[in-house]
Amino acid sequence: MPLAIETKGLTKDYRSPIKEPGLWGGVKSLFDRKYKDTRAVDGVTFKIEEGELVGFLGANGAGKTTTLKMLSGLLTPTAGEATALGHVPWKREPAFQRSISLVMGQRSQLWWEIPAYETFKLNQAIYGLDEADFRRNLDELVDLLQLGEHLTVPVKKLSLGQRMRCELAAALLHRPRLLLLDEPTIGLDVVMQKAVREFIKSYNKRSGSTIMLTSHNMTDVVELCKRVIVIEKGRLLYDGQLDKLVERYADHKIMRARFTTDVEPADLETLGTVVKYEDRTVTIEVPRAQMAASAASMLRSYPVADLNVEEVAIDDIVRRLFSHK
Amino acid sequence: MKKYWVAYQIALQETLQRRSTLIMDRLGGFAIVVSLYSFWTALIGDKTSFLGYTRAEMLTYVLALNILRSFVFTGRGWQLVGEISSGKISSYLIRPLHYYGYALALDMAQKTVHVAASIFEVAILAWLTGGALFLPHDPATWLLFGTAVVLSSLIFFFLEFMISSLAFWTSESGGPLFCFELFLQFAAGAFFPLDVLPLALRKALEMTPFPYMVYFPVRVFLEKVSSAEALRLIGLEALWLAAVFTGAMTVFARGVRSYSAEGG
């Protein structure tokens, strides 16, 4: 498979003014302004093949959005290299711009006072789509995103979910080969989140486009992405299959046991870390190496009615990564 | 070019859609014209002329200001500052589009609506004041005036664009833009003809692009300058336009390079 994205040591520093607190701090900063350099992305290297759907994860401020902005050509890196669809993104060549789209959940490209259809017509002209292509793509998007009657209503009158779907349609009208999605389900209710997720999955399958997605919604990631890239404080922490994260970052498994009579939870601490005991059911985190022995001991020493051993849920692991635990 | 034409059409729709903003804008402009008219009428008093302007010429100057304000002083500066500060400009920078062309298309839409409204207002005012206006008979004057005004409008657009582009480096670029607009009104002759000013100050202002925006075009219209002089002024305007266009493009391109695409 040809590469859609390749980065080598991608680095971005930001410079921001520092202001001491209070009024006097404000006066001082008028005459003697100090600046602080912050490294938002620090030597990130990865490759993404065409057609992949990759989750890009990290806590707030980890550098996800900055990386997406560099890959879309919005930001010029301080150091390092990147190519996207064979172009250096920040050269902003029209051929590159016609092949990509960046959707930021909190930003809108739609014209506020008039119906979304007008923005679509503008994008038709901007991306040079002929009428037949425009019609075909629009009909398909209207159908997939169930836009129907929303196309003729002024954007300001649409709900957040309706607007987000129009936003996606506007971003996809020109059938980008590379789609960068930054928090596409942010602020949406669960029903709309599911609809948007299903759309992204189906779009990826139908068009074969490469999609890179950031989300704090773990359901998005678990349902859409086989591969994830995790960054922390601008540095690459993990790049690989989502399920392999479990092996790498979960050093324990979860043992759940239901008892026939009451048991003293403190006694169970010898088997692992007791997370919860409720209604004669205990949840214990057990180190992987100790799992077989703990399970055997549990069955031998306690009145067990039912016993389950599970891997730690992926979203728990990613949450732990996010919260630096 | 088609994309800019479509942008113009959509912007036209949006401008018309924002009825209250449009009405408020027009009322504000109308109030300025009425104030200036009353002020100059009081100054002229019983005299037949004042500072070299007859009553008809002065009235024409004031009414022409209303149309010129609508045509020349409607840039996209505040929009650019807002879009840079909020990060909305990102959505334009990643599309195959020249932002300044797009902004110019939007500006043209705004001008279309405002000029149409201002012509209507001027017609009412001219009727209310007895219609004693100065209208040139020579078609060449109209042509020279039209050329001068188009160039003025572009000078203003790119000058404002350049100043607004400072928002790429500072979140406080609203300040310079505000000062620019305030100074502009005075230096362009939008409050009074620059003949009112002391000669030294007027000469100093003539070294800047400001008088080319209102004062010179209206003098061309009032046939206060010969055709040869008008052509010379238009040539100078073209030079100023080239300078501010180059400046605006350079500042904008540098700004985009140093852009930090604020916000998540």
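All of these numbers come straight from a predicted model, not from anything done at the bench.

### Details of the overall build of chain A
Now for step 1: From N to C terminus, chain A includes eleven helices and 13 strands.
Now for step 2: Across its three principal directions, the C-alpha atoms of chain A cover 75 × 60 × 45 Å.
Now for step 3: When each of the 325 residues of chain A is scored for burial, the buried share is 49%.
Now for step 4: Partitioning the contacts of chain A with sequence separation of at least 6, the portion at a separation of at least 24 is 68%.
Now for step 5: When the accessible area of chain A is evaluated, it comes to approximately 15,500 Å², of which 51% is carbon and sulfur surface.
Now for step 6: Between the mean site of the 46 positive side-chain charges and the mean site of the 44 negative ones, chain A shows a separation of 5 Å.

### Considerations on the nonpolar core
Now for step 1: With 166 residues, the main nonpolar core has Phe120(A), Ile89(B), Tyr102(B) and Met213(B) as its most contacted residues.
Now for step 2: For Ile89(B), the residues in contact, after removing those within four places along its chain, are Leu80(B), Glu83(B), Ile84(B), Tyr99(B), Phe168(B), Phe252(B) and Tyr259(B).
Now for step 3: Listed in part, the 14 residues of the second largest apolar core include Leu271(A), Ile284(A), Ala295(A) and Met298(A).

### Description of the pairing of strand β10 (residues 252–259) of chain A
Residue and element names in this part refer to chain A.
Now for step 1: Summarising the sheet, β10 and strand β12 (residues 281–287) pair through seven bridges and their orientation is antiparallel. Its bridge partner being in β12, Ala 257 is matched across the sheet by Val 282.
Now for step 2: Pairing of β10 with strand β13 (residues 304–310) involves six bridges; the strand directions are antiparallel. Within β13, the residue paired with Arg 256 across the bridge is Asn 308.

### Looking at the interface of chain B and chain A
Now for step 1: Counting from both sides, the interface comprises 31 residues of chain B and, opposite them, 30 residues of chain A.
Now for step 2: Between chain B and chain A the total buried area reaches about 2,700 Å² when both faces are included, carbon and sulfur atoms providing 58% of it.
Now for step 3: The largest per-residue losses of area from chain B upon contact with chain A belong to Ile94(B), Arg95(B) and Pro96(B), which jointly make up 26% of the total buried on that side.
Now for step 4: For the pair chain B and chain A, the number of links is one salt bridge.

### Section: a nonpolar patch on the surface
Now for step 1: A cluster of nonpolar side chains, contributed by Phe120(B), Ile124(B), Trp127(B) and Leu128(B), occupies part of the molecular surface with about 510 Å² of accessible area.
Now for step 2: Note on placement: Phe120(B) falls in helix α6 (residues 99–128).

### Examining the pairing of strand β7 (residues 210–214) of chain A
Residue and element names in this part refer to chain A.
Now for step 1: With five of five residues buried, β7 is to be regarded as a mostly interior element.
Now for step 2: Residues Thr 210, Met 212 and Thr 214 point to one face of β7 and Ile 211 and Leu 213 to the other, with burial holding for every one of them.
Now for step 3: Both strand β3 (residues 53–57) and β7 contribute to a ladder of four bridges, which runs parallel. Across the sheet, Val 54 pairs through a bridge with Met 212, a residue of β7.
Now for step 4: Sheet analysis places strand β6 (residues 178–182) next to β7, joined by five bridges and oriented parallel. Its bridge partner lying in β7, Leu 180 is registered against Met 212.
Now for step 5: Regarding the hand of the β-α-β motif, the stretch spanning β6, helix α7 (residues 190–207) and β7 is right-handed.

### With respect to the packing of helix α3 (residues 55–72) of chain B against α6(B)
All names here are of chain B.
Now for step 1: The geometry of α3 relative to α6 is characterised by a closest axis approach of 8 Å and an angle of 175 degrees between their N-to-C directions. Judged by the inter-axis angle, α3 sits roughly antiparallel to α6. For the pair α3 and α6, the contacting residues are Leu 63, Asn 66, Ile 67, Ser 70, Phe 71 and Val 72 in the first and Lys 111, His 114, Val 115, Ser 118, Ile 119, Glu 121, Val 122, Leu 125 and Ala 126 in the second.
Now for step 2: Residues belonging to the contact of α3 with α6 are distributed by class as follows: nine nonpolar, four polar and two charged.

### So, the domain arrangement of chain A
Residues and elements named next belong to chain A.
Now for step 1: Domain assignment breaks chain A into domain 1 (3–246) and domain 2 (251–322).
Now for step 2: Each partner contributes residues to the interface: domain 1 has 13 residues there, and domain 2 has ten residues.
Now for step 3: Taken together, both faces of the contact between domain 1 and domain 2 bury some 980 Å²; the carbon and sulfur share is 84%.
Now for step 4: By the criterion of area lost to domain 2, the three top residues of domain 1 are Met 218, Leu 245 and Val 246, representing 53% of everything that side buries.
Now for step 5: The interface formed by domain 1 and domain 2 includes zero salt bridges.
Now for step 6: Across the contact surface, domain 1 and domain 2 share zero residue pairs in polar contact (both at pLDDT 80 or more).
Now for step 7: Examining the composition of the side of domain 1 that touches domain 2, we find that four residues originate from one element, helix α9 (residues 242–249), more than from any other.

### Things to note about the packing of aromatic side chains
Now for step 1: Summed over the entire model, instances satisfying the criterion amount to 33 aromatic pairs over all chains.
Now for step 2: With a centroid separation of 6.1 Å and 50 degrees between ring planes, the pair formed by Phe259(A) and Tyr302(A) is classed as tilted. Note that Phe259(A) is positioned in strand β10 and Tyr302(A) in the loop between α10 (291–301) and β13, a separation of 43 residues in sequence.
Now for step 3: Summarising the aromatic geometry, the rings of Trp142(B) and Phe221(B) are spaced 5.1 Å apart at their centres and angled 90 degrees between planes, so their arrangement reads as edge-to-face. Taken together, the positions of Trp142(B) in helix α7 (residues 139–164) and Phe221(B) in helix α10 (residues 215–221) put the pair 79 residues apart, joining distant regions of the chain.
Now for step 4: You can call Trp142(B) partly exposed: its relative accessible area is 41%.
Now for step 5: Directly above the aromatic system of Phe71(B) lies the positively charged group of Lys111(B), at a separation of 5.6 Å from the ring centroid.

Conventions used here
Residues numbered from 1 in each chain as written. Chains lettered and ligands numbered in written order. Predicted model: local features only at pLDDT ≥ 70, side-chain atom pairs only at ≥ 80, totals over all residues. Heavy atoms only, no water. Helix = DSSP H or I, 4+ residues; strand = E, 2+ residues; numbered from the N terminus. Buried < 20%, exposed > 50% of the residue type's maximum accessible area, 1.4 Å probe, protein only. Contact = heavy atoms within 4.5 Å. Areas by Shrake-Rupley, 256 points an atom, 1.4 Å probe, with all protein chains shown as cover. Lys, Arg positive; Asp, Glu negative; His and termini not counted. Charge placed at Lys NZ, Arg CZ, Asp CG, Glu CD. Core = buried A, V, L, I, M, F, W, Y, C linked by side-chain atoms within 4.5 Å. Pairing = 2+ DSSP bridges. Buried area = accessible area lost by both parts, 1.4 Å probe. Salt bridge = Lys/Arg side-chain N within 4 Å of Asp/Glu carboxyl O. Patch = residues over 30% accessible without salt bridge, like charges linked within 9 Å, V, L, I, M, F, W, Y side chains within 5 Å. Right-handed = clockwise from strand over helix to strand, strands pointing away. Axes fitted to C-alpha atoms, helices over the stretch in contact; angles between N-to-C directions. Parallel < 35°, antiparallel > 145°, perpendicular 65-115°, else oblique. Nonpolar A, V, L, I, M, F, W, Y, C, P; charged D, E, K, R; others polar. Domains from an automatic or database assignment. Polar contact = N/O pair within 3.5 Å; in protein donor to acceptor, adjacent residues only side chain to side chain. Phe/Tyr/Trp six-rings, centres within 6.5 Å; stacked < 30°, edge-to-face > 60°. Lys NZ or Arg CZ within 6 Å of the ring centre and 35° of its normal.

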